[in-house]
Amino acid sequence: MEGHDVSLTRTIAGSVALLLVSARLGAAQVPDTSAKHRTPLLTHRELIIGGALVAGTVALMPADDWFHAQWGGRTLQSNSTLHGAADDFSLLGDPGTVILTFGTYAVGRLAGKRTVASVGLHASEALLLSAAATELVKGVAGRNRPYLPSPDADDFTPLHGFTGAGHTSFPSGHTSAAFAVASVVAQEGTVHWPHAARFVTPASYGLATLVGRSRLYKDRHWTSDVLMGAIVGEYSGLVVERYNQGHSHNPLERWLLPSAVAPTGNGGVAVVWALH
């Protein structure tokens, strides 16, 4: 699915981009009582770890052709069970992540569960941020796809990723989407459902990892594409969570999450927003 010129994730990211930008800029003008306790979006330690992971991924690129040969072996590719699983996990990456995140937000809103709606909203934000970052890097890098007639892991044509699907390999969008959602789910789970976090966190990252592996099996990406996608997704989730912790009253929170849910007296409920 990532081979199409316009993926579902890219379409949604483009249509919502202006809303996200205006909302985030507006946050700077809103007084925040938690300002004294804000932490940076990324700590020095996280920046160092991120830099090391990126450097390690780049260092691994010379081995991409070798890994590609291993995944393309006749034994693996002739396994119908693996083919079916790869298709399923690839769909989980896109459009699965879009359906899950926006669906979680919708269910939380309809059920009057602000915490559930908040998880869905933050996961959607991380998904959109990772999509924007991924599409930008794809376009600039212009890396050759492994399924092309003459695959070459060293074929980078700068800026060609903006004009053709055959040069949009680096990084993997499915993987970045899966890890962005996993990152938010893991962090939110630790806060809201600590007893379940020990199960939810490994399950979330396990599914995200399988999404990445499916892209390798389906010959849509080089190994370093998937690794970089995981980094982009993980840090997108981290940035979104850190931002919302420091700006709990930002415009998107006020616009898209109800501030109160109260019974109306006739069996229904009233949802109240604070748009100040």
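Owing to the predicted nature of the structure, the values given are computational and were not obtained by experimental measurement. Residue positions are given per chain, counting from 1 as you read along its sequence in written order. Owing to the predicted nature of the model, reporting of local features is limited to residues with pLDDT of at least 70; listing and counting of side-chain atom pairs is limited to 80 or more, with chain, interface and lining totals taken over all residues. To get the side-chain values, all heavy atoms of the structure are used, and hydrogens and water are removed first.

**Let's talk about the overall build of the chain**
Secondary structure counts use DSSP, requiring at least four H or I residues in a row for a helix and at least two E residues in a row for a strand, with both numbered from the N terminus. Counting its secondary structure elements, the chain contains 10 helices and two strands. Tracing the chain from N to C terminus, the helices and strands come up as α-α-α-α-α-α-α-α-α-α-β-β. Partly exposed describes any residue whose relative accessible area lies between the buried limit of under 20% and the exposed limit of over 50%, with all areas from a 1.4 Å probe on protein chains only and scaled to the type maximum. By residue count, 42% of the 276 residues in the chain fall in the buried class. Taking the intrachain contacts of the chain between residues at least 6 apart in sequence as the baseline, contacts between residues at least 24 apart amount to 72%. Working definition of accessibility: Shrake-Rupley area with a 1.4 Å probe, residue cover restricted to the visible protein chains. Roughly 14,100 Å² of accessible area belongs to the chain as shown, and the carbon and sulfur atoms make up 68% of that amount. Any two residues whose heavy atoms approach within 4.5 Å at even a single point are treated as in contact.

**Remarks on the confidence of the model for the chain**
pLDDT expresses how confident the predictor is about each individual residue, on a scale running from 0 to 100. Considering every residue of the chain, the mean pLDDT works out to 84; 79% of them sit at 70 or more. The model gives residues 1–36 a pLDDT under 50, and that stretch makes 58 contacts with residues more than four places away or in other chains.

**A word on the packing of aromatic side chains**
In this scheme Phe, Tyr and Trp rings, the latter by its six-membered ring, pair at centre separations within 6.5 Å, and the angle between planes marks the pair as stacked below 30 degrees, edge-to-face above 60, and tilted otherwise. The full count for this structure, using the stated rule, is three aromatic pairs. Seen in terms of ring centroids, Phe179 and Tyr205 are 6.1 Å apart; in terms of plane orientation they differ by 45°. Their pairing is tilted. A residue pair is termed long-range when its members are at least 10 positions apart, and Phe179 in helix α7 (residues 173–192) and Tyr205 in helix α8 (residues 194–217) qualify at 26 residues. The exposure class of Tyr205 is partly exposed, given its relative accessible area of 22%. Above the ring of Tyr147, the side-chain terminus of Arg220 is found at 5.2 Å from the ring centroid. A ring is considered to have a charge above it if a Lys NZ or an Arg CZ atom is located within 6 Å of its centre and within 35 degrees of its normal.

**Here we look at the packing of helix α5 (residues 80–111) against α7**
To obtain an axis, a line is fitted to C-alpha atoms, over the contacting stretch when the element is a helix, and the angle between two such axes runs from 0 to 180 degrees between their N-to-C directions. Relative to each other, α5 and α7 sit at 40°, their axes nearing to 8 Å. The pairing of α5 with α7 is recorded here as oblique in orientation. Seen along the crossing, α5 lies across α7 with a hand that is left-handed. Residues Ser90, Gly93, Asp94, Thr97 and Thr101 of α5 pack against His174, Ala177, Ala178 and Val181 of α7. Here the contact of α5 with α7 is built from residues that sort into three nonpolar, five polar and one charged. Roughly parallel refers to an angle under 35 degrees, roughly antiparallel to one over 145, roughly perpendicular to one between 65 and 115, and oblique to any angle outside these ranges. Definitions for this section: a left-handed crossing has its near helix turned counterclockwise from the far helix by less than a right angle. A right-handed crossing has that turn clockwise. For this classification, the nonpolar set comprises Ala, Val, Leu, Ile, Met, Phe, Trp, Tyr, Cys and Pro, the charged set comprises Asp, Glu, Lys and Arg, and every other residue, Gly included, is treated as polar.

**Examining the nonpolar core**
If you look at the biggest cluster of nonpolar residues, it comprises eight residues: Met61, Ala141, Phe170, Met228, Ile231, Val232, Tyr235 and Leu238. Per-element accounting of this core gives the leading share, five residues, to helix α9 (residues 223–246). When neighbours within four sequence positions are excluded, Met228 is seen to be in contact with Val54, Thr57, Phe170 and Pro171. Take the buried Ala, Val, Leu, Ile, Met, Phe, Trp, Tyr and Cys residues and link them wherever side-chain atoms come within 4.5 Å; each set so joined is a nonpolar core. Phe179, Ala208, Val211 and Ala230 belong to the second largest nonpolar core, which has six residues in total.

**Some points on α8**
Taking 1.5 Å per residue, 24 residues should reach 34 Å; α8 reaches 35 Å between its end C-alpha atoms and fits that length. All of the buried residues along α8 are Ala197, Ser204, Ala208, Val211, Gly212, Ser214, Arg215, Leu216 and Tyr217. Where α8 is buried, its residues meet α3 (64–71), α4 (74–77), α5, α7 and α9. Once α8 ends, the next one or two residues include Asp219, with phi positive near 65°. Given the number of residues in a helix, its expected span is that number minus one, multiplied by 1.5 Å.

**Focus: unusual backbone geometry**
Omega for the bond connecting Asp94 with Pro95 falls within 30 degrees of zero, at 15°, which places this linkage in the cis form. Examined against the element boundaries, Pro95 turns out to sit in helix α5. Residue Pro171 follows Phe170 across a cis peptide bond; omega there is -5°. When you line up the elements, Pro171 lands in the loop between α6 (114–141) and α7. Positive phi, close to 75°, is recorded for Leu159, a residue that is not glycine. Relative to the assigned elements, Leu159 resides in the loop between α6 and α7. Even without glycine at this site, Asp219 takes up a positive phi of about 65°. Along the chain, Asp219 turns up in the loop between α8 and α9. Of the residues examined, Asp219 reaches a relative accessible area of 23% and is grouped as partly exposed.

**A few points about α7**
In this model α7 runs 28 Å from its N-terminal to its C-terminal C-alpha over 20 residues, within 8% of the 28 Å that 1.5 Å per residue would give. By the criterion of burial, α7 is predominantly enclosed, with 15 of the 20 residues buried.

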